[in-house]
Amino acid sequence: MKWEKLFKPIQLRRLTLPNRVMMGSMHLGMEGNKDQEDALISFYTERSGENGPGLIVTGGISVSPEGDGGHHFLGFYRDDDLRVMKRLTSSVHTANGRIAAQLFHAGRYAYSEMNGIPSVAPSPIKSPIHRETPKELNELDILNLLESYAEAGRKAKEVGFDAVEIMGSEGYLINQFLSPRTNKRADKWGGNFENRTRFAIEVLKAVRKAVGEDYPVIFRMSGLDLVPNSSTPEETVQLATKLEAHGADILNIGIGWHESTVPTISMMVPRAGFIEPALQVKEAVTIPVIGSNRINDPVLAEELLQKLDMVSMARPFLADPHLLVKAKEQSLDQINTCIACNQACLDHAFEGKAVSCLVNPRAGREHKWTIKKAAKIKTVVVLGGGVAGMEAARAHAELGHNVTLYEASSAIGGQFNLARKIPIKKEFDETIRYYTTELNRLGVEIYLNHKPTEQELLNHSPDLIVVATGVTPRQPVIPGIEHAIAYPDVLSGNVAVGKNVIIIGAGGIGCDVSHFLIEKGINNILLLRRNGKMGEGLGKTTKWAMLQDLKQNGVKFRTNLSYKEMTKDGLTIINTETDEKEFLKADTIILAAGQESNIPREYELLSQIGVEIAIIGGARLAGELDAKRAIYEGAKIAFEPETISIN
Ligand code: NAP
Ligand code: SF4
């Protein structure tokens, strides 16, 4: 790949960025938490370097106490946080990186239950995703806030940040002033467009004055709010020109408010699916413009950079801190690509937990999971080439151990090989490509279509056997069950599916199978479960979009029932609320009723003769089986061998 733009330096006032990729702001859930200070600093330092992102932007740092966005925020108003920031900038600079502080105020998105301070906003209008109505800011409050932004800018510079980014998008405070949806003021801070933009412009002017003329100021503005009754595309472009006129050095174009019901970064959004607003802004201004959202591949970044000045990639650096190093070295197949699942990043952030990454569980654990050759080289045999086994093999090999992997089927990938058949889950291909490349590069010996005998295992003289043999689909006990087919057969295309379909089980896999069938033109789908809700267990940030999509495609759901009998024509159920019997006609009944662990009992003998055995992933625990836990457990036994228990 010829990089014409990606590694072309760009100048922002006194700051030279060596490439055109910004690591966008992410709240890591470690900020302001003493126990996580080393983790926070190691996280950013790992991503710094000459060929790290051109510029890293921190998660939002509050400019004033009521502006915290939740638990664990750093604040410019807390002395101890300034100490942490100094440590952070110094560590990033020592590693040859560049880092900007994001000046943040949540406005009505703040939670008073976290710090006891009522949230504030231009108008007292509650957000649909919050319980609290914010307090309306008065004139004096606004002037004080401008001073807080200025003070935050001054302090950011003092503690060593290379630039600041003013957070003016995603529906936070500045965005709330800009939008007629949230700004109903009748004074000079609300009403017409000019007045609604006043706060944003005054913040920019105050920060510029505080940091001086040679210091870069990025403004993150919303390119598309994706909420009703908000700023128009014309206003967005006009705002951009005003920001340019008042000294912004570069515009970072954010997409979608947090309360929007349009998915903007999940796997179902096509790559770079929201780039248009950045292109429109670019046409209207002469300062550089940054495009964002679902850009997870340097080749795509290069393509976008033909029209834009920079791209923002945030989650991709969680998945692979060294993605630009690999791009520069032309080792694109070694990149661990972000698959936009949100399961260990955004879902964790919303749960108030530290962020990590499903495909890279080392993210956020860099301080304790250091990559250095092991003092004692082990011989490790991994049974099973699903994600848990692949990660166990990869991580052990990365630490210098000798690894052999046995997979009973004809390909590595396990459940991901099925998941990748779901139209919206094509990104899973990337994970399988990554593991295939890495296992090969790290010299893992792989045997496919092979279940080793105990003797074969002993022939390796293993120090450790990792049992990662995964799961088998649960076969519920229902009379006539032979009339049903298992979901793997459906996803593999091994069986024909009729027009009227019943799916038994309405968890993640039931929902995935529905998507798969919709894409095949089958639209009479009924999802069933005995108790509970549809899609239970799916992550908070993706579940709503997934269920919304299924509903729009006519998928129906029923619960509070028991299964009585299946025939070739359908299924009899009992309504457990009324005790009434009902026959549901179906051409095809599909089982997606969860999983059971698949542990090859014949190897138990090995533990009796003293071979260390670790059981991980679905083989260890099929309930709540999740790729996030499976990959994490694969990495954990390599990085924390002391936690292996002999099973
Ligand atoms: P699951 O989420 O546990 O759902 C299993 C379904 O099977 C439930 O609806 C359950 O409903 C039903 N079931 C369980 N035992 C049954 C029995 N004996 N007879 C009939 N029905 C039974 O499991 P899954 O859908 O197989 O998913 C496995 C894991 O992968 C989950 O952790 C899931 O979250 C994860 N996953 C995640 C995604 C994602 O996009 N993040 C996608 C797919 C899967 P009742 O017990 O109420 O009948
Ligand atoms: Fe990307 Fe998923 Fe990792 Fe988040 S958890 S960074 S979305 S791969």
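Remember, it's a predicted structure, so these values are computed and weren't measured experimentally. (Residues numbered from 1 in each chain as written. Chains lettered and ligands numbered in written order. Predicted model: local features only at pLDDT ≥ 70, side-chain atom pairs only at ≥ 80, totals over all residues. Heavy atoms only, no water.)

Focus on the overall build of the protein chain
On a plain count of helices and strands, the protein chain comes out with 22 helices and 28 strands. Here the C-alpha radius of gyration of the protein chain, 27 Å, is about what a compact globule of 647 residues would show, namely 26 Å. Dimensions of the protein chain, computed from C-alpha atoms along their principal axes, come out at roughly 75 × 65 × 50 Å. Within the protein chain, the proportion of its 647 residues that are buried is 58%. In the protein chain, 71% of the contacts between residues at least 6 apart in sequence involve partners at least 24 apart. (Helix = DSSP H or I, 4+ residues; strand = E, 2+ residues; numbered from the N terminus. Rg over C-alpha atoms; globule rule 2.2 N^0.38 Å. Buried < 20%, exposed > 50% of the residue type's maximum accessible area, 1.4 Å probe, protein only. Contact = heavy atoms within 4.5 Å.)

Concerning the site of ligand 2
Around ligand 2 lies a shell formed by Arg315, Leu318, Cys338, Ile339, Ala340, Cys341, Asn342, Ala344, Cys345, Cys357, Leu358 and Val359. Along the lines of polarity and charge, the residues of the shell around ligand 2 split into ten nonpolar, one polar and one charged. (Near = heavy atom within 4 Å. Nonpolar A, V, L, I, M, F, W, Y, C, P; charged D, E, K, R; others polar.)

Here we look at unusual backbone geometry
Residues other than glycine seldom take positive phi values, yet Arg13 does so here, at roughly 50°. Its place among the elements puts Arg13 in the loop between strand S1 (10–12) and strand S2 (15–17). In this structure, Asp579 takes a positive phi of about 65° despite not being glycine. The topology assignment puts Asp579 in the loop between strand S24 (570–575) and strand S25 (581–585). Taking the relative accessible area as the measure of exposure, Asp579 reaches 63% and is therefore exposed.

Some points on the domain arrangement of the protein chain
Per the domain assignment, the segments making up the protein chain are domain 1 (10–350), domain 2 (379–473 + 596–643) and domain 3 (481–593). A separation of 39 Å is found between the C-alpha centroids of domain 1 and domain 2. Contact residues are listed per partner, giving 16 residues for domain 1 and 13 residues for domain 2. Buried area between domain 1 and domain 2, both sides added, is near 1,300 Å², and the carbon and sulfur share of it is 52%. On the domain 1 side of the interface with domain 2, the three residues burying the most area are Met267, Gln334 and Ile339, jointly 38% of the side's total. (Domains from an automatic or database assignment. Buried area = accessible area lost by both parts, 1.4 Å probe.)

A closer look at the side chain of Gln102
Within the fold, Gln102 resides in strand S6 (residues 99–104). A distance of 2.7 Å separates polar atoms of two side chains, one belonging to Gln102 and the other to Glu165. Aside from chain neighbours lying at most four places away, what touches Gln102 is Ser25, Val57, Thr58, Gly59, Gly60, Ile61, Phe76, Glu165, Met167 and Arg220. (Polar contact = N/O pair within 3.5 Å; in protein donor to acceptor, adjacent residues only side chain to side chain.)

Describing the packing of helix H4 (residues 139–158) against helix H6 (residues 193–211)
With their axes 8 Å apart at the nearest point, H4 and H6 run at an angle of 40° to one another. Between H4 and H6 lies a crossing of right-handed hand. Residue-level inspection shows Ile142, Leu145, Leu146, Tyr149, Ala150, Gly153, Arg154 and Lys157 of H4 in contact with H6, the latter providing Phe199, Glu202, Val203, Ala206, Val207, Ala210 and Val211. In terms of residue class, the contact of H4 with H6 is made up of eleven nonpolar, one polar and three charged. (Axes fitted to C-alpha atoms, helices over the stretch in contact; angles between N-to-C directions. Left-handed = near helix turned anticlockwise from the far one by under 90°.)

Some details on the packing of aromatic side chains
What the rule picks out here adds up to 13 aromatic pairs. On the basis of an interplanar angle of 25° and a centroid distance of 4.2 Å, the ring pair of Phe177 and Phe199 is categorised as stacked. Here Phe199 lies in helix H6 and Phe177 lies in helix H5 (residues 173–178), a separation of 22 residues in the sequence. Just as Phe177 is buried, Phe199 falls in that class too. Ring plane angle 15° and centroid distance 4.9 Å describe the contact between Tyr406 and Tyr447, whose orientation is recorded as stacked. On the criterion of sequence distance, the pair formed by Tyr406 in strand S15 (residues 402–406) and Tyr447 in strand S16 (residues 445–447) is long-range, its members being 41 residues apart. For Tyr406, a relative accessible area of 5% translates into the label buried. On the basis of relative accessible area, Tyr447 is assigned to the partly exposed category, the value being 32%. By way of ring pairs, the aromatic residues Phe73, Phe104, Tyr109 and Tyr172 are connected into one cluster. Over the ring of Phe43 we find Arg47, and its NZ or CZ is 3.8 Å from the ring centre. (Phe/Tyr/Trp six-rings, centres within 6.5 Å; stacked < 30°, edge-to-face > 60°. Lys NZ or Arg CZ within 6 Å of the ring centre and 35° of its normal.)

Observations regarding the environment of Leu517
By the secondary structure assignment, Leu517 is in helix H18 (residues 508–519). Considering only alpha carbons, one finds Leu517 and Pro423, 94 residues apart in sequence, at a separation of 9.6 Å.

What about the nonpolar core?
Ranked by internal contacts, the top residues of the largest apolar core, which has 124 residues, are Tyr44, Phe161, Phe199 and Leu251. The biggest single contributor to this core is H6, with eight residues. Shared between two domains, this core takes at least three residues from each, and those domains are domain 1 (10–350) and domain 2 (379–473 + 596–643). Filtering out sequence-adjacent residues up to four positions away, Leu251 remains in contact with Phe219, Met221, Ala240, Leu243, Val281, Val285, Ile287, Pro288, Val289 and Ile290. Counting residues in hydrophobic clusters, the runner-up holds 24 residues, among them Ile422, Ile424, Leu491 and Ile590. (Core = buried A, V, L, I, M, F, W, Y, C linked by side-chain atoms within 4.5 Å.)

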